[in-house]
Amino acid sequence: MLRVALVANTGQPPYGNNLNPPVRAFAALGVARLFVPSEYADFASTGGAAPAPLPRGLLDNLARFAPEVVVCLGGGLYVPRPLRALLLGGPILVGIALSDPQALPASLEIAPSFDLFYTQDEGSVPAYASRAVAARYLALAADPATLFPVPGAKSCDVLYFGKWTEYRNELVRALARAATVRVLAYRGETRWEAPAGAQCDDEAALRREINAARLVLDPTRVEIFPDGSRDAHRITPRAFMAAACGVPALVEEHCPLHDSFSAGEEIATFDGTPEGVVAVAGELLADGARRQRMGEAARRRLLASHTWTHRARRVLDDAAAFHPPSHRR
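Below: a short report on this structure. (Residues numbered from 1 in each chain as written. Predicted model: local features only at pLDDT ≥ 70, side-chain atom pairs only at ≥ 80, totals over all residues. Heavy atoms only, no water.)

In the contact formed by helix 8 (residues 274–285) and helix 9 (residues 288–305), the axes pass within 6 Å of each other and the chain directions differ by 100 degrees. When the axis of helix 8 is compared with that of helix 9, the two are roughly perpendicular. Residues E283, L284 and L285 of helix 8 pack against G288, R290, R291 and M294 of helix 9. (Axes fitted to C-alpha atoms, helices over the stretch in contact; angles between N-to-C directions. Helix = DSSP H or I, 4+ residues; strand = E, 2+ residues; numbered from the N terminus. Parallel < 35°, antiparallel > 145°, perpendicular 65-115°, else oblique. Contact = heavy atoms within 4.5 Å.)

Laid out in structure tokens, this is it:
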């Protein structure tokens, strides 16, 4: 088993809900230790909007662990080239971008400093290639051991959790006129025009909220730091989390699903308009048997192909097969 150093800001809610599952998956497949940059006084978080170099103290502690592989998970985290020499033994540096294309400018800047670099947005791969970076597509996933179906009464028709945008608010507002909608708002956010609950800072609370809903809304249009070169849509962790709980997700039909979920069978799609999402949600809300079949099919697909164990195993297999350039030998 490889000695793996995992670097992630798992203590920054609600992002820990996205980061803890891959951390657990990597830890289960190697001799692993977690290093949290935000615990160091000299670390400046950028939220992934700009490169975030790892602090010297963290690198000193990491070096004492003597990893064979260092995995930086999201947040623009990277090892500055002048400090790479601190890592004796030349561990393989792995970067995983979790917010492309929103954070693509930062990802493009840090990617050349890694031996292996992955993006969860397949549409961003050409942008890396244009910078001579052979980024690999690594699809999103979920942890079915912490997010799973829980029998019980449903308390709302549609659940949305995540950031506010005008477009997302339009979808939520339209749905709220025809169904019961619950939003889990980011802390301090007051612009939602639907009943809003508190931000979920842990996976158990999120599991309860997803299971209490009949559908999960996953708007995939990229609105925050959009890539002007394309009309980008990307599936988000919401759809995978919903699938893990056996709850159907709603995404735009423009969203590239690739090999994630089958439209109409494992995930529901709408035309990207408020009227369209209301129509599709109404059909599903009126057909409980179809919703159940779709949710069960989505969880089966997730178990077969989209767990973080699948993703971590692939990355570690790539690392085990990696041969550093001759100048690093």
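Scanning all chains against the criterion turns up 14 salt bridges. The partner of R24 in a salt bridge is E203, and the shortest N-O contact between them spans 2.8 Å. Taken together, the residues R24 in helix 1 (residues 16–29) and E203 in helix 6 (residues 203–211) connect sequence positions 179 residues apart. Overall, E203 belongs to the buried group, its relative accessible area being 14%. The partner of R182 in a salt bridge is E209, and the shortest N-O contact between them spans 2.8 Å. Here R182 is found in strand 10 (residues 181–185), whereas its partner E209 is found in helix 6, with 27 residues between them in sequence. Among the residues examined, R182 registers a relative accessible area of 27% and is labelled partly exposed. Salt bridges linked by common partners bring R24, D143 and E203 together as one network. (Salt bridge = Lys/Arg side-chain N within 4 Å of Asp/Glu carboxyl O. Buried < 20%, exposed > 50% of the residue type's maximum accessible area, 1.4 Å probe, protein only.)

Moving on to the pairing of strand 2 (residues 31–35). By the bridge criterion, five bridges tie strand 1 (residues 3–7) to strand 2 in an arrangement that is parallel. Looking at strand 2, one finds that V4 is bridged to A32. Crossover connection from strand 1 via helix 1 to parallel strand 2: handedness right-handed. (Pairing = 2+ DSSP bridges. Right-handed = clockwise from strand over helix to strand, strands pointing away.)

So, on to the side chain of D157. Within the secondary structure, D157 is located in strand 9 (residues 156–162). Side chain to side chain, D157 and R214 meet in a polar contact 2.9 Å long. Beyond its immediate chain neighbours, meaning those up to four positions away, D157 contacts A179, T180, A213, R214, L215 and L285. (Polar contact = N/O pair within 3.5 Å; in protein donor to acceptor, adjacent residues only side chain to side chain.)

Before going further, it helps to spend a moment on the environment of S262. Here S262 shows up in the loop between strand 13 (249–252) and strand 14 (268–270). Between the C-alpha atoms of S262 and R301, which are 39 residues apart in sequence, the distance is 9.1 Å. When near neighbours in sequence (up to four residues on either side) are disregarded, S262 contacts I267 and R301.

Let us now look at the packing of helix 5 (residues 166–178) against helix 8. Where helix 5 contacts helix 8, the axes come no closer than 9 Å and their chain directions differ by 45 degrees. Here helix 8 runs oblique to helix 5, going by the angle between their axes. Considering only the axes of helix 5 and helix 8, their crossing is right-handed. Only P274, V277, V278 and A281 of helix 8 make contact with helix 5, whose side of the interface consists of E170, L171, A174, L175 and A178. (Left-handed = near helix turned anticlockwise from the far one by under 90°.)

This part covers the pairing of strand 7 (residues 116–119). Residues L116 and Y118 line one face of strand 7 and the alternating positions F117 and T119 line the opposite face, and both faces are buried. Pairing of strand 6 (residues 92–97) with strand 7 involves four bridges; the strand directions are parallel. Its bridge partner being in strand 7, I96 is matched across the sheet by Y118. Read as a crossover between parallel neighbours, the route from strand 6 over helix 3 (residues 104–110) to strand 7 is right-handed. Examined bridge by bridge, strand 7 and strand 8 (residues 136–137) share two bridges and lie parallel to one another. From the neighbouring strand, Y118 faces strand 8, where its bridge partner is R136.

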